[in-house]
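# What the coordinates show
The chain contents come next:
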Amino acid sequence: MQTTVYDLAVIGLGYIGLPTAAIFAAKGKLVAGVDVKQATVDAVNRGEVPFVEPDMGVVVSGAVSLGNLVAMTEVPHANAYIIAVPTPLAEGKGADMSYLTSAVEALAPKLRGGELVILESTSPPGTTERLAAHLARVRPDLWSGAGEGAAQVHVVHSPERVLPGRIMIEMATNDRVIGGLTDEGAQLAKKLYEVICQGEILLTDATTAEMTKLVENTFRDVNIAFANELSVICDKLGIDVWRLIELANHHPRVNVLRPGPGVGGHCIAVDPWFIVDAAPQESGLIRTAREVNDAKPHHVVDRVTELLTDRESATVAVLGLAFKANIDDVRESPSMTIVQELARRLPLATILPVDPHVEDLPAALKNTGITAMHSLPEALAAADVVLLLVDHDQFLAVTPQDLEGKLVIDTKGIWNDRQAAVPVQPVLAGADSVG
Ligand code: SAJ
């Protein structure tokens, strides 16, 4: 029996793999989406997206109903493969490559020669070369000079760079970097991505492509660390950090980013460690920036506890659990650390978490003594302290009257205009300017 050979198989149907598969399918390619989770495969085959991302639902359901996108748990035969599995942080701050290793092991037996294998997962320098070496080891029949007449498999790296919340737009319009182990491989990948990418396609070697992705997120991390450190300095010196940054940014060559409660998400808080791991002696600044950003949630907790030295049984409304505005993703969110530590350091306080995008209390908060999420009006009415951690649109609508008589810590600087209305007990600096 003739088995289907797909134009493309995308391995890993998460935040990157699923939209990639769906967009190629919508452009007319016959695409297999592969995931180890049966529930994900079933959801995609029903035309559903198993997570929240604007505009993705219609593309996925369209591609599935056209018959161009089929999800499965087994890797099929395909002319091209895109690997988009997680490469999270391992103990000791290196990368956990176990998902990638499993994907390569599942893929290797399916190769027939001449295929394109693209690694999209964010990866430490040298990963693409190691991936090719792994395939060559397990399939020597398909490698250069080995099998008589067998075409070589082309391995390339093309890092994803889309922003959660804007994935569908950025996947089509962002420039794309492609790093090949051979020029031929890079050219083949370019031809494939031209189907979905309207941005510029830039070719380089695989290790430079790997570093490009890490450097983009590290650039952001280092710059956010500068803003976060400024906010801590300003708390000590009694300066409004938001006004300070606004003034400094009037200079034509200065653009300080925004401080916050810390850096969350699975990218910016993770990727710099891959550089530190690859060159520990040479990455002092990058390591320090990570440490500054990781320390920021603890600084926020210090400020709350300083405010409450005489009122340990106060009620604290915590506004925002997601790792950034207007999304529902709480993984690696600084809010998790802050709420856990508040519960530990203020055992007599009542903590009321609020997040319009998070319905159930996240698992990470289950052992804190907190039992439920709360609505914004309910938490504001009960609170002695209002701690703002995320700039969700809903929180912009909080009025000076809502905050009257309360101690306010606004880590995102969205309520600057209402400082005069808020009776804050300053500890060194004005507590309402804590960034
Ligand atoms: N943050 C600040 N201050 C700022 C900007 C951000 O504290 O001025 C915080 C956010 O609140 C959040 C964290 O940083 O906790 C990260 O948010 P983000 O929106 O900057 O980035 P991510 O993690 O959602 O997505 C990043 C993007 N990378 C860059 O902008 C260089 C995206 O393009 C990447 O594709 C993504 O990482 C990824 O997958 O690597």
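Structure report, in brief. Only a predicted model underlies this, so the values are computations on that prediction, with no experimental measurement involved. (Residues numbered from 1 in each chain as written. Predicted model: local features only at pLDDT ≥ 70, side-chain atom pairs only at ≥ 80, totals over all residues. Heavy atoms only, no water.)

Our next topic: the packing of helix H1 (residues 17-26) against helix H3 (residues 56-66). At their nearest, the axes of H1 and H3 sit 9 Å apart, and the two run at 55 degrees to each other. One element, H1, and the other, H3, form an angle in the oblique class. Regarding H1 and H3, the two cross each other, and that crossing is left-handed. Here H1 contributes Leu18, Pro19, Ala22, Ile23, Ala25 and Ala26 to the contact with H3, which in turn contributes Met56, Val59, Val60 and Ala63. A per-class count over the contact of H1 with H3 returns ten nonpolar, no polar and no charged. (Axes fitted to C-alpha atoms, helices over the stretch in contact; angles between N-to-C directions. Helix = DSSP H or I, 4+ residues; strand = E, 2+ residues; numbered from the N terminus. Parallel < 35°, antiparallel > 145°, perpendicular 65-115°, else oblique. Left-handed = near helix turned anticlockwise from the far one by under 90°. Contact = heavy atoms within 4.5 Å. Nonpolar A, V, L, I, M, F, W, Y, C, P; charged D, E, K, R; others polar.)

A separate point is the environment of Thr204. One can find Thr204 in strand E8 (residues 201-205). The exposure class of Thr204 is partly exposed, given its relative accessible area of 27%. Distance in space between the C-alpha atoms of Thr204 and Leu308 is 55 Å, their sequence separation being 104 residues. Not counting chain neighbours up to four residues away, the residues in contact with Thr204 comprise Val177, Ile178, Gly179, Gly180 and Ala209. (Buried < 20%, exposed > 50% of the residue type's maximum accessible area, 1.4 Å probe, protein only.)

Another point: the pattern of salt bridges. One pass over the full model with this rule turns up 15 salt bridges. Its salt-bridge partner being Glu170, residue Arg166 comes within 3.1 Å of it at the nearest N-O pair. Accessibility expressed as a relative area gives 39% for Arg166, which makes it partly exposed. According to the relative accessible area criterion, Glu170 is buried, its value standing at 12%. The salt bridge partner of Arg345 is Asp302, with a shortest N-O separation of 2.9 Å. Highlighted residues: Arg345 in helix H12 (residues 334-345) and Asp302 in helix H11 (residues 284-307), separated in sequence by 43 residues. Taking the relative accessible area as the measure of exposure, Arg345 reaches 32% and is therefore partly exposed. Among the charged side chains, a network of salt bridges with common partners joins Asp221, Arg290 and Asp294. (Salt bridge = Lys/Arg side-chain N within 4 Å of Asp/Glu carboxyl O.)

This part takes up unusual backbone geometry. Located in the positive-phi region is Asp55, a residue other than glycine, with phi close to 70 degrees. Along the chain, the position of Asp55 falls in the loop between helix H2 (38-45) and H3. Among the residues examined, Asp55 registers a relative accessible area of 54% and is labelled exposed. Even without being a glycine, Glu332 presents a positive backbone phi close to 55 degrees.

Counting buried residues in strand E4 (residues 78-83) gives five out of six residues, a clear majority hidden from the surface. Note: strand E1 (residues 6-11) against E4, five bridges, orientation parallel. Of the residues in E4, the one forming a bridge with Ile11 is Ile83. Note that E4 and strand E5 (residues 116-119) share four bridges and pair parallel. Across the sheet, residue Tyr81 finds its bridge partner in E5, namely Val117. For the handedness criterion, the β-α-β arrangement of E4, helix H4 (residues 98-107) and E5 is classed as right-handed. (Pairing = 2+ DSSP bridges. Right-handed = clockwise from strand over helix to strand, strands pointing away.)

Let us now look at the sheet that holds E5. Strand order in the open sheet made by the eight strands is E3-E2-E1-E4-E5-E6-E7-E8, with mixed pairing throughout. Whereas interior strands pair on both sides, the edge strands pair on one side only; in this sheet they are strand E3 (69-72) and E8. Along the sheet, successive strands turn relative to each other by an average axial angle of 25 degrees, direction set aside. Sitting on the sheet, helix H5 (residues 127-138) is in contact with E4, E5 and strand E6 (154-157), with an inclination near 160 degrees to E6.

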